[in-house]
Amino acid sequence: MAIKLDATGPMMKDYHSDNRCTWCDGCGNYGIWTGVKSALTELKIAPDQCLLCFDVGCHGNGSDKLKGYRFHGLHGRVLPFAAGAKIANPKLPVIAFGGDGASFSEGIGHLVHAVRSHYPITFVLHNNGNYGLTTGQSSSLTPQGQPMNTAPNGMPEMTLNSMDFIFSLEPTFVARAFSGDIKQVTAVLKEAIRHRGFAFVDILQACPTYNKFATHTMLMEKYYKVEDEGHDPTDFKKARALAIDTSKRIATGILYRTENVPNFYERLVPRQGKTTTAVEEVEKFDVTELMKELL
Ligand code: SF4
Ligand code: MG
């Protein structure tokens, strides 16, 4: 997918918004927010050359904390909007952001179909293991038995193994990063944005206010970079095994990637051979006669 490059390129300050961040001190959202701006800047994508789509959640409150075309939608529904926008205008890089709560509960159906449809968009999972915006509600990714504000005696449900679930859908790009490592977040996002189809990026972040089980320090001590250990990102089986087992260490980096699968847009027969986008093909249409039939 062609990405429009600026001759000189944008700078981080071009993404600056005068709206002040309202996240708690120490929140992992700051690292992801910085990494997103850094990745877009390094790819020479200006704020008016991309679309950033935010789900509801603490991360979503960052939607007006940076410049650019932005959308802030309904809870769990960010992916259909992002996919639709991309199909209408495939020249535009589209990044969707969602939390672990909405993405693996209210929006899980959309996530399934985004992976299997192979929409050419990037999805960034703000993974803090709980619903922070609703003050520490357990999510599908909270460890079973963990006391939370909505489950003071411990979360009774089983925890969803999110990475096993994603790999079961035969994704074409899976990466994981740690929000405290902004260089890594930047590098992973750049590759995700360059990916041919649907890129799933799991970013582990601290929520110091409500998540007492996966702190910034714990994540920092457990994460390691798979590229440092010679991981081959074309090895699906190994990538899945590395992604799933976080008991002792947490594998981060590009876990799996293939560029050999045509994306959704490339498979759309009516779009094949077109040199224009649907957005460019919009024309004025007189609906007067049509309305008479309806009235
Ligand atoms: Fe961040 Fe948690 Fe505060 Fe939300 S509640 S802003 S996720 S630290
Ligand atoms: Mg969350």
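From a predicted model like this one, the values you see are computed outputs, not experimental measurements.

Asks: Is there a simple way to explain the pattern of salt bridges in this structure?
Replies: Inspection of the entire model under this criterion finds 14 salt bridges. Across the pair arginine 176 and aspartate 202 runs a salt bridge, and its minimum N-O distance is 3.4 Å. Note that arginine 176 is positioned in strand β7 (residues 173-178) and aspartate 202 in strand β8 (residues 199-204), a separation of 26 residues in sequence. Judged by its relative accessible area of 4%, arginine 176 falls in the buried class. Members of the salt-bridge network, linked through shared partners, are Glu191, Arg194, Arg257 and Glu259.

Asks: So what exactly am I meant to see when it comes to the environment of glutamate 170 here?
Replies: Residue position: glutamate 170 is located in the loop between α5 (162-168) and β7. As a C-alpha pair, glutamate 170 and aspartate 25 span 145 residues in sequence and 37 Å in three-dimensional space.

Asks: Whenever I open this one, a nonpolar patch on the surface confuses me. Can you help?
Replies: A surface patch of nonpolar side chains, amounting to about 690 Å² of accessible area, comprises Phe285, Val287, Leu290, Met291, Leu294 and Leu295. By secondary structure assignment, the location of leucine 295 is in the segment after α10 (288-294).

Asks: In this structure, what is going on with the sheet that holds strand β2 (residues 69-72)? I would like to understand it.
Replies: Hydrogen bonds between backbone groups are what pair the strands of a sheet, and the pairing can be parallel or antiparallel. With mixed pairing, the 8 strands of this open sheet are ordered in space as β2-β1-β3-β4-β8-β7-β10-β9. The outermost strands of the open sheet, each flanked by one partner alone, are β2 and β9 (223-225). Here the strands of the sheet are splayed against their neighbours by 20° on average, with no regard to which way each runs. With 6 bridges joining them, strand β4 (residues 122-127) and β8 adopt parallel strand pairing. Its bridge partner lying in β8, threonine 122 is registered against alanine 199. Most of the contacts of helix α6 (residues 182-194) go to β7, to which it runs at about 165°, and overall it touches β3 (94-99), β4, β7, β8, β9 and β10 (250-257). Sitting on the sheet, helix α8 (residues 236-244) is in contact with β7, β9 and β10, with an inclination near 155° to β10.

Basis of the calculations
Residues numbered from 1 in each chain as written. Chains lettered and ligands numbered in written order. Predicted model: local features only at pLDDT ≥ 70, side-chain atom pairs only at ≥ 80, totals over all residues. Heavy atoms only, no water. Salt bridge = Lys/Arg side-chain N within 4 Å of Asp/Glu carboxyl O. Helix = DSSP H or I, 4+ residues; strand = E, 2+ residues; numbered from the N terminus. Buried < 20%, exposed > 50% of the residue type's maximum accessible area, 1.4 Å probe, protein only. Patch = residues over 30% accessible without salt bridge, like charges linked within 9 Å, V, L, I, M, F, W, Y side chains within 5 Å. Areas by Shrake-Rupley, 256 points an atom, 1.4 Å probe, with all protein chains shown as cover. Pairing = 2+ DSSP bridges. Axes fitted to C-alpha atoms, helices over the stretch in contact; angles between N-to-C directions. Contact = heavy atoms within 4.5 Å.

Without other data, these values stay purely geometric and don't point to any function.
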